[in-house]
Amino acid sequence: MNAAVVVVLGTGGTIAGAAASAQDNVGYTAGQLSVQQLVAAVPALGMLSLECEQVANIDSKDMSHAVWQRLAQRCAFHLARSEVAGIVVTHGTDTLEETAYFLHRVLAPTKPVVLTAAMRPATSLQADGPQNLLDAVSVARAAGARGVVAVLGGRVFGGSELRKVHTYRLDAFDAGDAGPLAVIEEGCLRMFRAWPEGTAFGIDTIARESSLWPRVELLIGHAGVTGALVDLLVASGVQGIAVAGVGNGHLASEFETALRRAQAAGVSVLCASRCAFGAVLVAAGVDEATALPSAGTLSPAQARIELLLRGLVGAHAPA
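Note that the structure is a prediction, hence the values are computed from the model and not measured.

Engineer: I would appreciate a short explanation of the environment of glycine 221 in the present structure.
Structural biologist: Within the element layout of this structure, glycine 221 appears in the loop between strand E11 (216–220) and helix H5 (228–235). Glycine 221 sits in the buried class, given a relative accessible area of 4%. Setting aside anything within four residues of it in sequence, one finds glycine 221 in contact with Ala244, Val246, Phe255 and Arg274.

Engineer: Quick question: what am I supposed to make of the sheet that holds strand E12 (residues 240–245) here?
Structural biologist: Hydrogen bonds between backbone groups are what pair the strands of a sheet, and the pairing can be parallel or antiparallel. The three strands are arranged E11-E12-E13 in an open sheet whose pairing can be described as parallel. Bordering the open sheet on either side are E11 and strand E13 (268–273), each of which pairs with just one other strand. Looking at each pair of strands side by side, their axes are set apart by 20 degrees on average, direction ignored. Docked against the sheet, H5 engages E11 and E12, running at close to 175 degrees with respect to E11. Along the sheet, helix H6 (residues 253–264) makes contact with E11, E12 and E13, crossing E12 at roughly 160 degrees.

Engineer: Help me understand the side chain of threonine 99 in this model?
Structural biologist: Along the polypeptide, threonine 99 turns up in helix H3 (residues 96–107). Within the structure, the side chain of threonine 99 is placed 2.8 Å from the side chain of histidine 91, a separation counted as a polar contact. Residues in contact with threonine 99, not counting those within four places in the same chain, are Met63, Trp68, Leu71, His91 and Leu115.

Engineer: Would you mind showing me how to read the pattern of salt bridges here?
Structural biologist: Opposite charge on two side chains makes pairing possible when the charged atoms of those side chains draw close. Applying the stated criterion across every chain yields a total of 14 salt bridges. With a shortest N-O distance of 3.1 Å, arginine 215 and glutamate 217 are connected by a salt bridge. On the accessibility criterion, arginine 215 (31% relative accessible area) is partly exposed. Residues glutamate 306 and arginine 310 are paired through a salt bridge, measuring 3.3 Å at the closest nitrogen-oxygen approach. Here arginine 310 and glutamate 306 lie together in helix H7 (residues 300–313), a separation of four residues that amounts to about one turn. Residue glutamate 306 is classed as buried on the basis of its relative accessible area of 0%. Because the salt bridges share partners, they merge into one network encompassing Glu51, Arg81 and Glu83.

So, how was this worked out
Residues numbered from 1 in each chain as written. Predicted model: local features only at pLDDT ≥ 70, side-chain atom pairs only at ≥ 80, totals over all residues. Heavy atoms only, no water. Helix = DSSP H or I, 4+ residues; strand = E, 2+ residues; numbered from the N terminus. Buried < 20%, exposed > 50% of the residue type's maximum accessible area, 1.4 Å probe, protein only. Contact = heavy atoms within 4.5 Å. Pairing = 2+ DSSP bridges. Axes fitted to C-alpha atoms, helices over the stretch in contact; angles between N-to-C directions. Polar contact = N/O pair within 3.5 Å; in protein donor to acceptor, adjacent residues only side chain to side chain. Salt bridge = Lys/Arg side-chain N within 4 Å of Asp/Glu carboxyl O.

Treat this as a map of the structure, not an account of what it does.
In structure tokens, the structure reads:
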């Protein structure tokens, strides 16, 4: 069998979006074109061995646990096929970094799972989806490629490091201090760092019906924050709270006290920073056993996913 099959899984997003005018880059409707249509729009892909499958066709702001579950399961299924070299996932940009981290932690695959997206709809004069898709397939076919990565604007980012950093411009993604793994130049990869590896929770972790997954919420620190929302979440039965603290993950006194009450009540807590980049550092002399857990380099959204997955296995797993 052909050992270079790339499976393209579609989930919708701007890359599959359409607007009434080619000059309209914000008033479009996401998830209008099928993944087969996206592939057909790139002539160079017609010469390659591709399989297309529509997992969902949504605006990624509406990404759900149920779609994550199905996407991860379909990735695992195709990764196990000997003839499959890699997988490409077309996705919306709004929650791309969350899906990338989710797949990274669930799968940590030895073959490439390449997410791609677009900042302009397919109908735009500036449509960036076709080139991003072509580049993503190139990465999925690259010798030695592995792990969950994202390909946008000619750059390859690790799935655990990806961040959306701009609301509109074409180069809307970054990886902060880590930087890109590679760039794609005329279809060729120029590597800067090694392909990502990680410890996977495993596909069986998410086998439970998604409606039964732990409820994990995200709160943000700010001037004047109180512990009221924390107490309300605990009273409502929340099982985990990820926190976007200010600066170096700092928490206002009342906010921190409420989080400690939540932790004492059995709610898992993980503290990140609302800053775009940088790790949450524990000061020298601080007893880490008594400090609220740090999310390290994870973004607040990634910290929420981490708590979710830890809750599914019922224990803390290595990040």
